[in-house]
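Chain residues, written in single-letter form:
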Amino acid sequence: MTDQYWELQGTLAQPIYSPRGTVEGLMLDVDGIAVQFVIGKHEAHLAHLALHLKQGQKLTLIGALRKPSPKGEAEHEVYDLIEIVGRGDDSQSAEYTASEKEIGGKIVRFNYARHGEPNGVVLDTGDFIHTRPDGLRKLAWKLGDQVHAKGRVQPLASGMGVVLEYPVK
């Protein structure tokens, strides 16, 4: 069976972070519609290229539509990223060292798991709190909420902020 590839043009809305703070996908705004592109676990070159992109940058991304996940329904279309067309050139890489810390701020957007379900929040500070999808449902956090969390942190791959692993019981 041959995959059908789609070429979508839009504006980079946000990177999608992994629980380790690396970039595992991109959220593209296509004429006001959110579209998620997932970077495969063995696609290090795409993850590296994604580090050089800037929020608000106009992009053309090529991807293959993913099948629905048994883990939950996505809030938007989700594609496997095949190619990034256009990219910036001035990012810095982060050194990965984990430590315990408390962070806080206002929720400005949600982060999404590879299958498209929200798995944490990004704060106005640029920090990412990873809760896992079930944790986020239990917390019932909403955009605009002021939140604080304490847990293990490490720098985001972009060098701008940290990811905090927030286990919700």
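Not measured: the values here are computed from a predicted model.

## A closer look at the nonpolar core
Where a protein is soluble and globular, its nonpolar side chains tend to be buried together. Leu26, Phe37, Leu61, Leu81 and Ile84 are the most contacted members of the largest nonpolar core, which has 25 residues in total. Here the element with the most residues in this core is strand E2 (residues 23–30); it accounts for four residues. Beyond its immediate sequence surroundings of up to four residues, Phe37 is in contact with Leu8, Glu24, Gly25, Leu26, Leu28, Leu61, Ile62, Gly63, Tyr79 and Leu81. With 16 residues, the next largest nonpolar core counts Ile129, Leu136, Ala149 and Val162 among its residues.

## Regarding the confidence of the model for the protein
For the protein, the average pLDDT comes to 85, and 89% of its residues sit at 70 or higher. Contacts for the low-pLDDT stretch residues 87–97, under 50 throughout, to residues beyond four places or in other chains number 29 contacts.

## A few points about a positive patch on the surface
On the surface, a cluster of positive charge is made up of Arg20, Lys41, Lys71 and Arg152. Position of Arg152 relative to the elements: it lies in strand E9 (residues 146–155). Arg152 gets classed as partly exposed once you look at its relative accessible area, which sits at 36%.

## Section: the side chain of Ser18
Tracing the backbone shows Ser18 in the loop between strand E1 (5–17) and E2. At 2.7 Å, the side chain of Ser18 and the side chain of Thr22 are in polar contact. The residues touching Ser18, leaving out its near neighbours within four places in the chain, are Glu24, Phe128 and Val163.

## A few points about the environment of Gly56
On the secondary structure map, Gly56 appears in the loop between helix H1 (44–50) and strand E4 (58–65). Residue class for Gly56 comes out partly exposed when judged on its relative accessible area of 46%. In this structure the C-alpha to C-alpha distance between Gly56 and Leu12, which are 44 residues apart in sequence, comes to 5.1 Å. The residues contacting Gly56, other than those within four sequence positions of it, are Thr11 and Leu12.

## What about the side chain of Gln36?
On the secondary structure map, Gln36 appears in strand E3 (residues 33–38). Looking at Gln36, the relative accessible area reads 1%, which means it is buried. A polar contact of 2.8 Å, which involves the side chain of Gln36, links it to the side chain of His76. Among residues more than four places away in sequence, those in contact with Gln36 are Ile16, Leu26, Met27, His76, Glu77, Val78, Tyr79, Tyr112, Ala113, Arg114 and Gly116.

## A look at the pairing of E3
Two elements, E2 and E3, share six bridges in a ladder whose sense is antiparallel. Bridge assignment links Met27 to a residue of E3, and that residue is Gln36. Between E2 and the antiparallel strand that follows it, E3, lie two residues; Asp31 among them carries a positive phi value of about 50 degrees.

## Quick notes on the packing of aromatic side chains
The final tally for this structure, using the stated rule, is three aromatic pairs. Between the aromatic rings of Tyr17 and Phe128, the centroid separation amounts to 5.5 Å while the plane-to-plane angle is 35 degrees, which identifies the pairing as tilted. Here Tyr17 is found in strand E1, whereas its partner Phe128 is found in strand E8 (residues 128–130), with 111 residues between them in sequence. Phe128 shares its class with Tyr17; the two are buried.

## Concerning unusual backbone geometry
Residues other than glycine seldom take positive phi values, yet Asp31 does so here, at roughly 50 degrees. Here Asp31 is to be found in the loop between E2 and E3. On the accessibility criterion, Asp31 (77% relative accessible area) is exposed. Unusually for a residue other than glycine, Arg132 sits at a positive phi of about 70 degrees. By secondary structure assignment, the location of Arg132 is in helix H2 (residues 132–139). The exposure class of Arg132 is exposed, given its relative accessible area of 51%.

Cut-offs applied
Residues numbered from 1 in each chain as written. Predicted model: local features only at pLDDT ≥ 70, side-chain atom pairs only at ≥ 80, totals over all residues. Heavy atoms only, no water. Core = buried A, V, L, I, M, F, W, Y, C linked by side-chain atoms within 4.5 Å. Buried < 20%, exposed > 50% of the residue type's maximum accessible area, 1.4 Å probe, protein only. Helix = DSSP H or I, 4+ residues; strand = E, 2+ residues; numbered from the N terminus. Contact = heavy atoms within 4.5 Å. pLDDT = per-residue confidence, 0-100. Patch = residues over 30% accessible without salt bridge, like charges linked within 9 Å, V, L, I, M, F, W, Y side chains within 5 Å. Areas by Shrake-Rupley, 256 points an atom, 1.4 Å probe, with all protein chains shown as cover. Salt bridge = Lys/Arg side-chain N within 4 Å of Asp/Glu carboxyl O. Lys, Arg positive; Asp, Glu negative; His and termini not counted. Charge placed at Lys NZ, Arg CZ, Asp CG, Glu CD. Polar contact = N/O pair within 3.5 Å; in protein donor to acceptor, adjacent residues only side chain to side chain. Pairing = 2+ DSSP bridges. Phe/Tyr/Trp six-rings, centres within 6.5 Å; stacked < 30°, edge-to-face > 60°.

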